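# Coordinates in review
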Amino acid sequence: MCGIVGITSNKPVSSSIINSLKKLEYRGYDSAGIATLLEGKINEFKCEGRVKTLENNISKIKMLGTVGIGHVRWATHGVPSTLNAHPHSSESVSVVHNGIIENSSTLKKFLVEKGHIFKSQTDTEVIVHLITEYLKDNDLKTSILKMLKKLHGSFALGIIFKDEPDLIIGARRGSPLAVGYGPNENYLGSDSYALKSMTNKISYLNDGEFCVLKKNSVDFFDENGKKINKKILELSSEEGNYDKGDYKHFMAKEIEEQPTTIKNCVNEYIDKINKDINLLNFPWKQNEINSIKLIGCGTAYHSCLMAKHWFEQLTDLDISADIASEFRYRKNKFKKDNLYIFVSQSGETADTFAALDLCNKNDMKTCSVVNVVESSIARDSNFVLPIHCGPEIGVASTKAFLGQMLVLYFFSLKLAYLRKEINKEKYLKKIQTLLKLPDLVKKTLETETQIQSSCNSFVDAKGSMFLGRGASFPIALEGALKLKELAYIHAEGYPAGEMKHGPLALIENGMPVVVIAPRDKYYNKTISNMQEVIARGAKVLLITNKSNDEILSENIWQTVEVENIEDDLLPFLITIPLQKLAYHSALKKGYDIDKPRNLAKSVTVE
Ligand code: F6R
């Protein structure tokens, strides 16, 4: 989604801004732009499409300004176009904006009545005209405060001014914003990744705050304009791997990396000497928690559903899983013995962050399971469980899904043991099994050739279904989501036992249906459901685990068998052929796998 960069320096800033915008490309965007200030004039360049195009365009004209802002836009208000790309500028100010201004039409009406002329369809442009209007009668700080008070909605802003040759204003409500410190220059960024190549010294703005950046100073203010102090944090030096190497796509690389990311995570959480799961610095006693609420969006929500299953199987705790955008507007009953777990790869998802904020405001115990440990969700939760996957660049989440499930499994197992709901022998056996997981994930990647041959039926289909029961139901949802988002094929994940209650009517001759039926306690039931869809013409791709027992049905179109492991851990293996199915279907259709249409990696607006 949208990304912001700002730099004030004693040397020209445009090439550094472009380089930082390239770091933000992974978030998903449709247009890009930059504005710098030179000799009292704001110079703005924007284009639809890639940062590379912007770079080529500005290389022809040499932008020399020493203060500037840049942006990658993911359209919300107004179509993707050069005109709607950010920055938006008047003669006196230029603005980049992430988020949504909810009262933009009311503000626009007020500004039009005052004679302001709007050029774009965006909500952002009201910010430009508001500041321009207030600057007529007020000093800069008062104008910013007045403008911020007028805005409803969520935003992160970067602003430069015609009459201020060494100044950027940054402001935050809802959407994240970071400040970086360099030698004779300072930086603004919508996340620390954008700034990492320039500095490892970072501060984060909290909601309602704004900052004034000059090349040799940074000042922070609260929503009333009172100066505040900020901690400077040092980012870890580990750069992470942003290179796709010999892979055609980041997604392919990230799928193949899973044995390694799982191994890293196992090594971080399992103390092999003491044969124990380490949840370092876990701040609560187990008897302080009686209920666990898991919250996330999309794939992260699916890992919440998976964890719900494990917590239910292993503990007597009261468990629920919720979609963040639903939870945040629900009438929730907050209780002291609830633990709220927020699952998010990016740690910046607007709905998940808002749900966390709501829990914090109600003084609840909060824990986050994140990949990006410097993210807003990690910083604002009481306790953080990182998934140790390294950067995930492909828009479709793959290795992070396995990482989220793994950390949540560790958590459920450890709590079950601490609560004496499983005995030591069982606990140690499960830890022992976990150690085998990386190798089995690796072996399961070999199912690729079989899956590749199934793709044609999906590519040509009008729609498809993914069926599973118990632990296989969240995996069915995840498999269907991957196929929709990458191959743009309608796919529904459904509990296999629900088919008779309506969806069976969708089955017609030749329809591809993925049936997930590991040989667990649901096996026979799921196989019966499979027979029902086969009888109505479905082409079934059965995913199960290896066994000497025969499968109880003829007429299965294709069977993929994953490795054998304890039932609890089968979802990790079964996910892999489903990731491959979506990848190869999208590849066959020639789609942009790492940047599927209409989607963004980091969903920072609601
Ligand atoms: C799907 C996908 C999304 C994300 C969702 C939440 O492949 O990636 O559904 O899982 O947008 O994102 P995070 O985990 O960053 O909160």
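Since the structure is predicted, the reported quantities are computational estimates derived from the model, not experimental observations. (Residues numbered from 1 in each chain as written. Predicted model: local features only at pLDDT ≥ 70, side-chain atom pairs only at ≥ 80, totals over all residues. Heavy atoms only, no water.)

The next subject is the overall build of the protein chain. In terms of regular secondary structure, the protein chain is built from 19 helices and 27 strands. Counting only C-alpha atoms, the protein chain reaches 80 × 55 × 45 Å along its principal axes. Going through the 606 residues of the protein chain one by one, you find that 60% of them count as buried. By sequence separation, contacts in the protein chain at least 24 residues apart represent 71% of the contacts at least 6 residues apart. (Helix = DSSP H or I, 4+ residues; strand = E, 2+ residues; numbered from the N terminus. Buried < 20%, exposed > 50% of the residue type's maximum accessible area, 1.4 Å probe, protein only. Contact = heavy atoms within 4.5 Å.)

Counting 91 residues, the largest nonpolar core has I292, L294, I341 and F411 as its most contacted members. At 13 residues, helix α13 (residues 399-418) tops the list of elements feeding residues into this core. Here this core spans two domains, and each of domain 2 (252-422) and domain 3 (446-589) adds at least three residues to it. Discounting residues that sit within four places of it in the chain, I341 has contacts with I292, K293, L294, I295, C367, V369, L408 and F411. The next biggest cluster of nonpolar side chains, apart from the first, holds 27 residues, and it includes V126, L130, F155 and L167. (Core = buried A, V, L, I, M, F, W, Y, C linked by side-chain atoms within 4.5 Å. Domains from an automatic or database assignment.)

Let us look at the packing of helix α4 (residues 125-135) against helix α5 (residues 140-150). Two numbers describe how α4 lies on α5: the axes approach to 9 Å, and their chain directions differ by 135°. It follows that α4 is oblique to α5 by the angle criterion. Both α4 and α5 take part in a crossing whose hand is right-handed. Contacts from I127, L130, I131, Y134 and L135 in α4 reach L140, S143, I144, K146, M147 and K150 in α5. Along the lines of polarity and charge, the residues of the contact of α4 with α5 split into 8 nonpolar, 1 polar and 2 charged. (Axes fitted to C-alpha atoms, helices over the stretch in contact; angles between N-to-C directions. Parallel < 35°, antiparallel > 145°, perpendicular 65-115°, else oblique. Left-handed = near helix turned anticlockwise from the far one by under 90°. Nonpolar A, V, L, I, M, F, W, Y, C, P; charged D, E, K, R; others polar.)

With that settled, consider the domain arrangement of the protein chain. Domain annotation for the protein chain reports domain 1 (3-234), domain 2 (252-422) and domain 3 (446-589). Its C-alpha centre places domain 1 at a distance of 33 Å from the equivalent point of domain 2. Contact residues are listed per partner, giving 8 residues for domain 1 and 10 residues for domain 2. For domain 1, the biggest contributors to the area lost against domain 2 are Y26, Y193 and Y204; these three give 51% of the whole. Linking domain 1 to domain 2 there are 0 salt bridges. In this assembly, domain 1 and domain 2 are joined by 1 residue pair in polar contact (both at pLDDT 80 or more). Residue classes in the side of domain 1 that touches domain 2 are distributed as 4 nonpolar, 2 polar and 2 charged. (Buried area = accessible area lost by both parts, 1.4 Å probe. Salt bridge = Lys/Arg side-chain N within 4 Å of Asp/Glu carboxyl O. Polar contact = N/O pair within 3.5 Å; in protein donor to acceptor, adjacent residues only side chain to side chain.)

All chains considered together, the criterion is met by 30 salt bridges. The partner of K414 in a salt bridge is D276, and the shortest N-O contact between them spans 3.1 Å. Placement of the pair is K414 in helix α13 and D276 in strand β17 (residues 276-277), with a sequence separation of 138 residues. Using a relative accessible area of 12% as the deciding quantity, one classes K414 as buried. When its relative accessible area of 22% is taken as the criterion, D276 is described as partly exposed.

Attention now moves to the site of the ligand. Around the ligand, a shell composed of 15 residues is seen, among which S344, Q345, S346, T349 and E485 lie nearest. Protein chains bury 90% of the 400 Å² of accessible surface belonging to the ligand in isolation. For the shell around the ligand, the secondary structure elements donating two or more residues are α9 (298-314) and α17 (472-487). For the shell around the ligand, the residue count by class is 6 nonpolar, 7 polar and 2 charged. (Near = heavy atom within 4 Å. Areas by Shrake-Rupley, 256 points an atom, 1.4 Å probe, with all protein chains shown as cover.)

For H71, the position within the fold is in strand β4 (residues 67-73). In this structure the side chain of H71 is engaged in a polar contact, spanning 2.8 Å, whose partner is the backbone oxygen of H97. When neighbours within four sequence positions are excluded, H71 is seen to be in contact with C2, G3, I4, L21, S31, A32, G33, H86, V96, H97 and N98.

The next subject is the sheet that holds strand β26 (residues 539-545). Taken together, the 5 strands give an open sheet; going across it, the order is β24-β23-β25-β26-β27, and neighbouring strands pair in parallel fashion. The sheet terminates laterally at β24 (490-495) and β27 (558-562), the two strands that pair on one side only. Each adjacent strand pair in this sheet contributes to an overall mean axis angle of 15°, direction not counted. Taken together, the 5 bridges between strand β25 (residues 512-516) and β26 define a ladder with parallel strand orientation. Note that in β26 the partner of I516 across the bridge is I543. Those strands touched by helix α16 (residues 448-459) are β23 (463-468), β25, β26 and β27, and its axis lies near 140° from that of β27. (Pairing = 2+ DSSP bridges.)

With respect to the helices and strands, E209 occurs in the loop between β11 (201-204) and β12 (210-214). For E209, the side chain forms a polar contact with the side chain of K230, separated by 2.7 Å. In this structure E209 touches G170, A171, R172, Y204, F221, D222, I228 and K230, once residues within four positions along its chain are discounted.

This paragraph deals with the pairing of strand β9 (residues 178-182). Within β9, 4 of the 5 residues are buried, which leaves the element mostly enclosed by the surrounding structure. Linking β9 to strand β10 (residues 185-189), which pair antiparallel, is a turn of 2 residues; within it N184 sits at a positive phi near 55°. The pairing of β9 with β11 spans 3 bridges and is antiparallel. The residue bridging G180 from the neighbouring strand is I202, located in β11.

By secondary structure assignment, the location of Y193 is in helix α6 (residues 192-195). Linking Y193 and S20, residues 173 residues apart in sequence, is a C-alpha distance of 8.4 Å. If we ignore the near neighbours within four places in the chain, the residues touching Y193 are K23, Y26, Y242, V372 and P391.

Now for helix α11 (residues 350-361). With 12 residues, α11 ought to run about 16 Å at 1.5 Å a step, and its terminal C-alpha atoms sit 16 Å apart, in line with that. On its buried face, α11 sits against β8 (168-173), β18 (291-296), α10 (324-327), β20 (338-344), β21 (365-370) and α12 (376-380). Among the residues trailing α11, D363 stands out with phi positive, at a value near 60°. (Expected span 1.5 Å × (residues − 1).)

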